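If you want the building blocks of each chain, they are given just below.
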Amino acid sequence: MLILKYENDMRLSVFMRLIVLFLLTNLPTFGQEIDWQNTIGGLREDWLTSIQQTTDKGYIVGGFSDSDIFADKTENSLGLEDYWIVKTDSLGNIQWQNTIGGSGYDNLNTLVQTLDGGYILGGFSLSSISGDKSENCIGERDFWIVKIDSIGFIQWQNTIGGSLDDYLTSIQQTLDHGYILGGCSSSGVSGDKIENNLGSRDFWVVKVDSIGNIQWQNTIGGDNLDQLNSIQQTTDGGYILGGHSESNISGDKTENSLGSSDYWIVKIDSVGVIQWQNTIGGSDYDQLSSMEQTIDGGYILGGFSWSSISGDKIENCVGSSGGVCGPDYWIVKTDGLGNIQWQNTIGGWGNDYLTTIRETPGGGFVFCGFSDSNIGGDKAENNVGQLDNWIVKADSLGNIQWQNTIGGSLNEDWNSLSLTDDGSIILGGCSYSNISGDKTENNMGLAIVRKDYWVIKLTESFSMIFGQVYADLNGNSVLDAGEPPLQAWKITELNTGRFSFTDQNGSYNLSVLDSGNFTLTPQLANWFSPLPISKAVSFTGINQTDSLNDFAFQPQGIFEDVCVTITPMGNFRSGFSASYAITFGNYGNSTVSPTVYFYPDSNITFQSATLTPTQIFPDSVIWNLPSLTPFQTGNIIVTVNVNLGLPIGTLINSSAHIEPYATDDNPSCNNSNWEVYTTGSFDPNDILVNEDTLTTTQLSSAPWLDYIIRFQNTGNDTAFTVKILNPIDTNKLNLSTIEFVYASHPVNLNWINYQRNMEFKFENILLPDSNTNEPLSHGFVRYRIQPKTNLSAGDSITNFAAIYFDFNEPVITNTAKTSIILPTGIASASPTHGKLHVFPNPSENTINISGIQLENGRAQLRLTDIYGKLIFEKTVTSTIADLETTNLPSGLYLLQSGASRATFMKQ
């Protein structure tokens, strides 16, 4: 079978383009990209716990700090730790701040803006009268609420507690302009506490008036540990309490514990009387961190779980280590009486802790926390550092819509999330990282172990640019019938570096984050000029569109340019069949009838091909192809047999060639080869790179790294969808140079900017399982990219992929590695690592070859001509060999070399 398609060429020299079906009819879901960020801190530890948008569209940020005056901190610490309040404008710039505390530890856990434009602060204090503290400690830790005005001055405060440990975790202003306080207490009747404890720790709810005087209180708990983490006034004037419990039936608890710890939600009326409650959990440890009433009158609960299927838990844990579950995000939706409606366990293969959940205006949910998971399970992005923020957006039934991992090279702890009035998200947490990953500012402290506030605004406010790219073969600037749209064609916005790809119709859309002026340029191709060369686009605001930004590629002169690429489709095992994909195309601007040659390695035998060959010889297979018009491509799948008895590690190096060669205006892409080695048992899902080492000298010329990601359906049924996520290390690889070579099947491709992931999605691939049809159970995608030229010796470039078959867990490939090394520095007789060094070049008499890589003291040296035909083969036992040209064609020029193979052309 001969497959011919139209496709583009974004290269200046070698390799073919990827055939894609990139459908852009539905715009992507936005809301996950960083709009701005600010690192705020002093010399020592600054821990952000709460953030909220204010009525002036700025933000109030709160937490606690032990920093003195330094960097952003304008007041010395009053004690060991103090409340630290920072007010910013809408772009995160500090407007004012206040350090509030006594001589001991004072930790702010929550704050909200009040109806009068001021703020209510809530946390706990171990300070007696000192600094700003106007009351002595009652017990060990006490509730400490502080009311400040709109510019941060204290208006009143109250210390509330018993004789032991009491700490406030949640506060909200109520409809009567008072406040509801929620926290935990270990105190019996003492101080402000009017009820004895029911267990080691109980929920403690306190209602105060508008100036902080207690109106009523209730201690709610069982005979063990119960911790309240969230409180909210409900639409009926009562309150919903959420936390976790280790108590069985006892005290106020009406249900036994389902595991070590469970979610425990309690509904009370307007004066604190329990109306109903529900214990929700599995057989292990489950902790509720955040909850709120939803627009339908029910509740959304968010926390983390170690439980597999058991009790109320209907899904096994995702993360595990040594067979033991690690924590996952666990979101549970209930109705107005606390009955479970649906739930979802969301996690990676590490530890994932959800801290905050909010309902979005569209009826979905957004939640965040921190994670040390890499790609795996539900996690679609590698961690940037040790612990990163992981934010997830789900629909109204809890299905993931998008996700983003945000972090620097060290630890980030994320504690607060709030929705803004423009539909965006403000995130607040803490960071130990300097500039790295998503972090654009260094830490403020003198050492990297210091922690700062880290505030991030995520936006979904994009403007969209639309257009079409096509080959204007008759030069009339109109897309006429028969003129090919250019598929997978990269369009770049010069000011921001953002880029997009065209779909199968040549259409593209490109998003920009802000208003202003933008310039679009298409990637160039040989022998064609785009009209126009660039497009200017201007937006006066956000959420605008600009269409009809078309680029017509018009032929310049008459040029021939045919190219070929050979790709191994799977591993090669002695005695088994293997296959290559030979891809060819016309990238000139005139019609050509090419001939394709396949030169199998001497250790394999041609068996069959999807297109019947014109001629078959022992050392070559030939296809005379029909005429190809500009941008028309095709592929041939060749099946070979690997000779029986070959040792594992035997080099297999087949090649392909395409004619016409003598009249081709770009002959550098008329030949292609890829070295593979025979294997034993193997994972058929892998990634290959063409260079395992690069010297610092090579980097200066920006060489290409060619990657192949291969996959095989080894299941027991047809795979309908295959998705590959391939993280690109943008610190070491030049993203702007990425080019797609080919794929085994039609594929949608997308650069996910906020994840730094290249996504290849094979939809409706109908990939048979290996038991049903082994040859057709394989697939691959191939692309190339240039490394950055500023890498140093000792650096390495690593690359891997996560391969998803339908709804199964991802298969993580091996890691392909390219090491950066120094050149040897020896002039003529020392090889570049991994390459043959051939001199003199050209040669009429003797050829000296060094750099042969020996295995078990010997290697097979192969010399081929430019067509890939073997012209000399010899077993050598030295890393340097001298070959008399009397056995070879005279007047040789070296074209390329490998570890045990060189390719020559005649002088």
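Structure report, in brief. Source: prediction; values computed, not measured.

What follows deals with the overall build of the chain. When its secondary structure is counted, the chain shows 1 helix and 68 strands. Counting across all 907 residues of the chain, residues that qualify as buried make up 58%. For the chain, the proportion of contacts with a sequence separation of at least 24, taken over those separated by at least 6, is 62%. By element, 50% of the accessible surface of the chain is carried by carbon and sulfur atoms, the whole surface being about 33500 Å².

This part covers the packing of aromatic side chains. If you walk through the whole model with that rule in mind, you get 38 aromatic pairs. Summarising the aromatic geometry, the rings of Tyr285 and Trp306 are spaced 5.2 Å apart at their centres and angled 75° between planes, so their arrangement reads as edge-to-face. In this pair, Tyr285 sits in the loop between strand E18 (274–280) and strand E19 (286–293) while Trp306 sits in the loop between strand E20 (299–305) and strand E21 (320–321), placing the two residues 21 residues apart along the sequence. What makes Tyr285 partly exposed here is its relative accessible area of 23%. The structure contains a cluster of three or more aromatic residues connected by ring pairs, namely Phe499, Phe501, Tyr707, Phe740, Trp751, Phe760 and Tyr783. When the ring centre of Trp390 is taken as reference, the NZ or CZ atom of Lys379 above it lies at 5.5 Å. Residue placement shows Lys723 over the ring face of Tyr804; its charged tip is 4.9 Å from the ring centre.

Counting residues in each nonpolar core, the largest one holds 38 residues, and the members touching the most others are Phe760 and Phe762. Once you skip the residues sitting within four places of it in the chain, Phe760 turns out to touch Ile709, Val722, Lys723, Ile724, Asn726, Phe740, Val747, Asn748, Leu749, Val781 and Tyr783. Judged by nonpolar contacts, the second largest core, of 35 residues, contains Ile566, Leu625, Val741 and Phe780.

With respect to the helices, strands and loops of the structure, Leu494 is situated in the loop between strand E33 (490–493) and strand E34 (499–501). Counting along the chain gives 25 residues from Leu494 to Thr519, while the straight-line C-alpha distance between them is 5.7 Å. Those residues in contact with Leu494 that sit more than four places away from it in its chain are Thr519 and Thr521.

On to the sheet that holds strand E36 (residues 516–522), then. Reading across from one edge, E34-E33-E36-E38 is the order of the 4 strands in this open sheet, with antiparallel pairing throughout. Of all the strands in the sheet, just E34 and strand E38 (535–539) have a single pairing partner and so form its edges. Pairwise comparison of adjacent strand axes, ignoring direction, gives a mean angle of 25° for this sheet. Pairing between E33 and E34: 3 bridges, direction antiparallel. Bridge pairing in E34 places Lys490 opposite Phe501.

Let us now look at the sheet that holds strand E3 (residues 46–53). Sheets are built from strands paired through backbone hydrogen bonds, the pairs being either parallel or antiparallel. Taken together, 4 strands build an open sheet; the order of strands is E3-E4-E5-E6 and the sheet is antiparallel. Two strands close off the open sheet at either side, each with one partner strand: E3 and strand E6 (94–100). Direction aside, the axes of adjacent strands within the sheet are offset by 20° on average. Strand direction decides the pairing type here: E3 and strand E4 (residues 59–65), joined by 7 bridges, are antiparallel. Of the residues in E4, the one forming a bridge with Ser50 is Gly62.

Under the defined criterion, the tally for this structure stands at 2 disulfides. Across a sulfur-sulfur distance of 1.8 Å, Cys317 and Cys325 are joined as a disulfide pair. Where Cys317 bonds to Cys325 through sulfur, the torsion about that S-S bond is close to -75°, and the disulfide is left-handed. Across the pair, exposure class does not vary: Cys317 and Cys325 are buried alike. Bridging Cys563 to Cys669, the disulfide has an S-S length of 2.0 Å. On the sign convention where negative means left-handed, the S-S torsion of about -50° between Cys563 and Cys669 marks this disulfide as left-handed. Of the two residues, Cys563 sits in strand E41 (residues 562–568) while Cys669 sits in the loop between strand E48 (651–659) and strand E49 (671–677), which places them 106 residues apart along the sequence. Judged by its relative accessible area of 0%, Cys563 is buried. Judged by its relative accessible area of 1%, Cys669 falls in the buried class. Cysteine pairing for the chain, with bonded cysteines counted in sequence order: 1-2, 3-4.

Cut-offs and rules
Residues numbered from 1 in each chain as written. Predicted model: local features only at pLDDT ≥ 70, side-chain atom pairs only at ≥ 80, totals over all residues. Heavy atoms only, no water. Helix = DSSP H or I, 4+ residues; strand = E, 2+ residues; numbered from the N terminus. Buried < 20%, exposed > 50% of the residue type's maximum accessible area, 1.4 Å probe, protein only. Contact = heavy atoms within 4.5 Å. Areas by Shrake-Rupley, 256 points an atom, 1.4 Å probe, with all protein chains shown as cover. Phe/Tyr/Trp six-rings, centres within 6.5 Å; stacked < 30°, edge-to-face > 60°. Lys NZ or Arg CZ within 6 Å of the ring centre and 35° of its normal. Core = buried A, V, L, I, M, F, W, Y, C linked by side-chain atoms within 4.5 Å. Pairing = 2+ DSSP bridges. Axes fitted to C-alpha atoms, helices over the stretch in contact; angles between N-to-C directions. Disulfide = S-S within 2.5 Å.

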